[in-house]
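Residue-level structure breakdown
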Amino acid sequence: MNSYTKHIKILVICLLAGAAFTACKEEDPWVDATVAPVVVNIIGAPFGYPQEKDPAVGYPAASTKLTLSATILELDKSGILNNAVGIDSIPVSGLKVAITMRTGAVLGEVTSGADGKVSLDKTWAELGIAAPVKGSLARISWTGTYKGVTFTRFSQVQAQ
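The structure displayed is predicted, hence computed values, not measured ones.

What follows concerns the sheet that holds strand β6 (residues 106-111). The sheet built from five strands is open, its strands ordered β2-β9-β8-β5-β6 with mixed pairing. Each edge of the sheet is formed by a strand with only one pairing partner; in this case those strands are β2 (56-59) and β6. The average angle at which neighbouring strand axes cross in this sheet is 25°, direction not considered. In terms of strand pairing, β2 meets strand β9 (residues 149-159) through four bridges, oriented parallel. Among the inter-strand pairings, Ala-56 is bridged to a residue of β9, identified as Gln-156.

Listed below in structure tokens is the structure:
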């Protein structure tokens, strides 16, 4: 009888361990799993800033004009298996991008040039910060549609 109990305990432990390994992956119902068709590099963000984070671009609090700018790139992965070619970044021209506050207030719509760059001049007041002090943040989103897929990139403007 003792050996059955021992075997049952081992079986239960194995089943629980197997359930723990298979139960780790859970789909998030609030996040769309579609991969963005372009890379939006925020100009002025620290080099190598992760794409999944919100980069903060600093501007002096006394500035009267802030230039919000980014480069829109499409990644050509056709040479990914050839180390002499690799992945190429191709500027996307003629792409309309809406720049908005995360509250929904529209700052403007711009079209990328031949170099893939978009930019928009604003003031602190237009970003909702009447009297900027060091550390003041304005949260911005860059939204567009490329090849039928909508993308959004977040960034922040911070007073220095």
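Tallied over the full model, the rule gives one cavity of 30 Å³ or more. Elements that contribute at least two residues to the lining of the largest cavity include exactly β2, β3 (66-79), β8 (137-146) and β9. Split by residue class, the lining of the largest cavity holds eight nonpolar, four polar and no charged.

Turning our eyes to something else, we now look at the environment of Thr-123. Tracing the sequence through the fold places Thr-123 in the loop between β7 (117-122) and β8. Once the C-alpha coordinates of Thr-123 and Thr-67 are considered, the two residues, 56 residues apart in sequence, prove to be 8.6 Å apart. In this structure, Thr-123 is in contact with Thr-64 and Leu-66, ignoring residues within four places of it in sequence.

What follows covers the pattern of salt bridges. Applying the stated rule across the entire model yields four salt bridges. The salt bridge involving Arg-102 is made with Asp-54; its shortest N-O contact spans 2.8 Å. Here Arg-102 is found in the loop between β5 (96-101) and β6, whereas its partner Asp-54 is found in the loop between β1 (39-42) and β2, with 48 residues between them in sequence. Residue Arg-102 is classed as partly exposed on the basis of its relative accessible area, which comes to 32%. Lys-122 is the salt-bridge partner of Glu-126, the closest N and O atoms lying 3.9 Å from each other. Since its relative accessible area comes to 43%, Glu-126 is described here as partly exposed. For Lys-122, a relative accessible area of 13% corresponds to the buried category.

Conventions adopted
- Residues numbered from 1 in each chain as written.
- Predicted model: local features only at pLDDT ≥ 70, side-chain atom pairs only at ≥ 80, totals over all residues.
- Heavy atoms only, no water.
- Pairing = 2+ DSSP bridges.
- Helix = DSSP H or I, 4+ residues; strand = E, 2+ residues; numbered from the N terminus.
- Axes fitted to C-alpha atoms, helices over the stretch in contact; angles between N-to-C directions.
- 1 Å grid on protein atoms, 1.4 Å probe; cavity = no way out; pocket = protein on both sides within 12 Å on 5 of 7 lines; lining within 4 Å.
- Points joined across faces, edges and corners; volume = space filled by probe spheres on them.
- Nonpolar A, V, L, I, M, F, W, Y, C, P; charged D, E, K, R; others polar.
- Contact = heavy atoms within 4.5 Å.
- Salt bridge = Lys/Arg side-chain N within 4 Å of Asp/Glu carboxyl O.
- Buried < 20%, exposed > 50% of the residue type's maximum accessible area, 1.4 Å probe, protein only.

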